[in-house]
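Remarks on the overall topology
The chain contents come next:
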Amino acid sequence: MEEIEKAAKSANRKPEDIVLVAACKTQSNEIIDAALAAGQKIFGENRVAEVYEHFEGRDLAGVELRMIGSLQSKKAEDAVAIFDVIESLDRPSLALALANAMQKLGKTPKLLVQVNIGDEPQKSGISVPQLPKFLEDLQGEYGLQVSGLMCIPPARQPAGPYFALMRKLADRHHLQELSMGMSDDFKIAIQFGATHIRIGSALFGERN
Ligand SMILES: *Cc1c(COP(=O)(O)O)cnc(C)c1O
């Protein structure tokens with residue numbers, strides 16, 4: 001997307017340091033076909049069942065599948081089997097389920113911790129005060145390596161302050177990946193150091 005390049009330039013960043021994750025929930029297989037044909041390789045999915053619908057039977061060479069929706073512990077094994085990256089690690093019970101699944105399958109998807117950056121009761125994610133202990137436990141108790149942080153900031157509020165706090169948290173904990181920014185706020189996310197932006201409607205049009 002041309003707008004990513006523009007936003008990167010005005011933030012004094014290299015466009016290639018910002019990865020576009022195509023958020024394809026509710027999209028048809030024809031849309032996925034078209035995205036793959038256009039060279040898109042990195043896809044975000046919200047549900048395990050939908051990733052099968054979209055990608056089962058396809059040649060996945062060079063394709064990266066990222067889980068961006070909330071994940072039930074009982075689906076941990078399916079998720080570890082199919083996803084390259086799980087962005088929605090948000091609680092100890094899921095950490096345990098993922099650690100067991102990774103050991104059983106001998107597969108280690110990259111993990112991001114989802115932060116409930118606006119402290120909203122209806123949103124998943126670990127709260128900011130709980131993050132340091134959670135990160136410590138992931139390594140110490142569950143033997144899991146974490147690569148980064150992910151968030152969805154509160155709707156209808158300026159996202160900048162939330163993204164700024166995310167940047168700080170990632171720096172403080174020496175985490176490389178910062179997945180933040182969607183169709184409405186990815187330019188701001190790029191200003192605040194997003195490494196991955198997850199775009200649905202601005203890429204594919206409005207969802208059904
Ligand atoms: C749907 C979704 C997106 C993309 O949202 P758009 O506003 O359509 O760009 C990004 N992240 C998550 C977790 C989503 O569920």
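Overview of the structure. Note that this is a predicted model, so its numbers are computed, not measured. Along each chain, residue indices are assigned from 1 in the same order as the chain's sequence is written. In keeping with the predicted nature of the model, local features appear solely for residues at pLDDT of at least 70, side-chain atom pairs appear and are counted solely at 80 or more, and the whole-chain, interface and lining totals rest on all residues. Excluding hydrogens and water, the side-chain figures rest on all heavy atoms present in the structure.

**A few points about a negative patch on the surface**
- A patch consists of residues whose relative accessible area exceeds 30% and which take part in no salt bridge; residues with like charges are grouped when within 9 Å of each other, and nonpolar side chains (Val, Leu, Ile, Met, Phe, Trp, Tyr) when within 5 Å. Calculation of accessible area relied on Shrake-Rupley with a 1.4 Å probe; when residues are assessed, cover is drawn exclusively from the protein chains displayed. Within this document, salt bridges are pairs made up of a side-chain nitrogen of Lys or Arg and a carboxyl oxygen of Asp or Glu, the two lying within 4 Å of each other. Positive residues here are Lys and Arg, negative ones are Asp and Glu, while His and the chain termini are left out of the count. The atom standing in for a charge is NZ when the residue is Lys, CZ when it is Arg, CG when it is Asp and CD when it is Glu. Taken together, Glu2, Glu5, Glu16 and Asp17 make up a surface patch of like negative charges.
- Each residue is placed in one exposure class: buried if its accessible area under a 1.4 Å probe, protein chains only, is under 20% of its type's maximum, exposed if it is over 50%, and partly exposed if it falls in between. What makes Glu2 exposed here is its relative accessible area of 62%.

**Quick word on the pattern of salt bridges**
- Tallied over the entire structure, the rule returns eleven salt bridges.
- Arg66 serves as the salt-bridge partner of Glu64, at 2.7 Å between the closest nitrogen and oxygen.
- On the basis of relative accessible area, Glu64 is assigned to the partly exposed category, the value being 24%.
- Here Lys123 makes a salt bridge to Glu120, at a shortest N to O gap of 2.8 Å.
- Given the relative accessible area of 22%, Lys123 is considered partly exposed.
- When salt bridges with common partners are traced through the structure, they connect Glu64, Arg66, Glu87, Lys110 and Glu177 into a single cluster.

**Regarding unusual backbone geometry**
- One non-glycine residue, Asp119, lies in positive phi territory at about 50°.
- Each helix corresponds to a stretch of at least 4 residues labelled H or I by DSSP, and each strand to a stretch of at least 2 residues labelled E; elements are numbered beginning at the N terminus. Tracing the sequence through the fold places Asp119 in the loop between β5 (110-115) and α6 (131-140).

**With respect to the packing of aromatic side chains**
- A pair of Phe, Tyr and Trp rings is counted when the ring centres sit within 6.5 Å of each other, with Trp represented by its six-membered ring. The angle between the planes then sorts it: under 30 degrees is stacked, over 60 is edge-to-face, the rest tilted. Considering all chains together, one arrives at one aromatic pair under this definition.
- We count a charge as sitting over a ring when the NZ of a lysine or the CZ of an arginine lies within 6 Å of the ring centre and within 35 degrees of the ring normal. A cation over an aromatic ring shows up here: Arg58 above the ring of Phe55, its NZ or CZ 6.0 Å from the ring centre.

**Some thoughts on the side chain of Ser183**
- Turning to its location among the elements, Ser183 is positioned in the loop between β7 (177-179) and α8 (186-191).
- For this analysis, a polar contact is any N or O atom pair within 3.5 Å, provided that within protein one partner can donate a hydrogen and the other can accept it, and provided that sequence-adjacent residues contribute only side-chain to side-chain pairs. A polar contact is formed between the side chain of Ser183 and the side chain of Ser201, at a distance of 3.3 Å.
- A contact between two residues is defined here by any heavy atoms of the two lying within 4.5 Å. Setting aside residues up to four positions removed in sequence, Ser183 forms contacts with Arg198, Ile199, Gly200, Ser201 and Ala202.

**As for the site of the ligand**
- One heavy atom suffices: a residue is near a molecule or strand as soon as one of its heavy atoms comes within 4 Å of it. Near the ligand, the surroundings consist of Ala23, Lys25, Asn46, Ile68, Ile152, Met182, Ser183, Arg198, Ile199, Gly200, Ser201 and Arg207.
- Within the contact set of the ligand, an oxygen atom lies 2.6 Å away from a side-chain nitrogen or oxygen of Lys25.
- If the ligand stood free it would expose 390 Å²; the protein chains cover 91% of that surface.
- Amino acids outside the nonpolar list (Ala, Val, Leu, Ile, Met, Phe, Trp, Tyr, Cys, Pro) and the charged list (Asp, Glu, Lys, Arg) are all regarded as polar, and Gly is one of them. Here the residues of the shell around the ligand sort into five nonpolar, four polar and three charged.

**Details of the side chain of Ser88**
- Inspection of the secondary structure assignment puts Ser88 in strand β4 (residues 85-89).
- Note on Ser88: relative accessible area 0%, which makes it buried.
- In this structure the side chain of Ser88 is engaged in a polar contact, spanning 2.7 Å, whose partner is the backbone oxygen of Gly69.
- Aside from chain neighbours lying at most four places away, what touches Ser88 is Met67, Ile68, Gly69, Ser70, Leu71, Leu94, Leu112 and Gln114.

**Points about helix α5 (residues 92-105)**
- For α5, with 14 residues, the first-to-last C-alpha span of 20 Å sits near the 20 Å given by 1.5 Å per residue.
- Taken as a whole, α5 has its buried residues at Leu94, Ala95, Ala97, Leu98, Ala99, Ala101 and Met102.
- Where α5 is buried, its residues meet α4 (76-82), β4, β5 and α6.
- Gly106 occupies a position one or two residues after α5 and carries a positive phi of about 65°. Given the number of residues in a helix, its expected span is that number minus one, multiplied by 1.5 Å.

**Focus: helix α3 (residues 48-55)**
- Of the residues making up α3, those classed as buried are Val48, Glu50, Val51, His54 and Phe55. Around the axis of α3, the buried residues are gathered within 155° of arc, so they sit on the same side.
- For α3, the secondary structure elements touched by its buried residues are α2 (29-37), β2 (42-45), β3 (64-67) and α4.
- Following α3 by one or two positions, Gly57 has its phi on the positive side, about 85°. Taken from the helix axis, the directions to the C-beta atoms give the arc we talk about.

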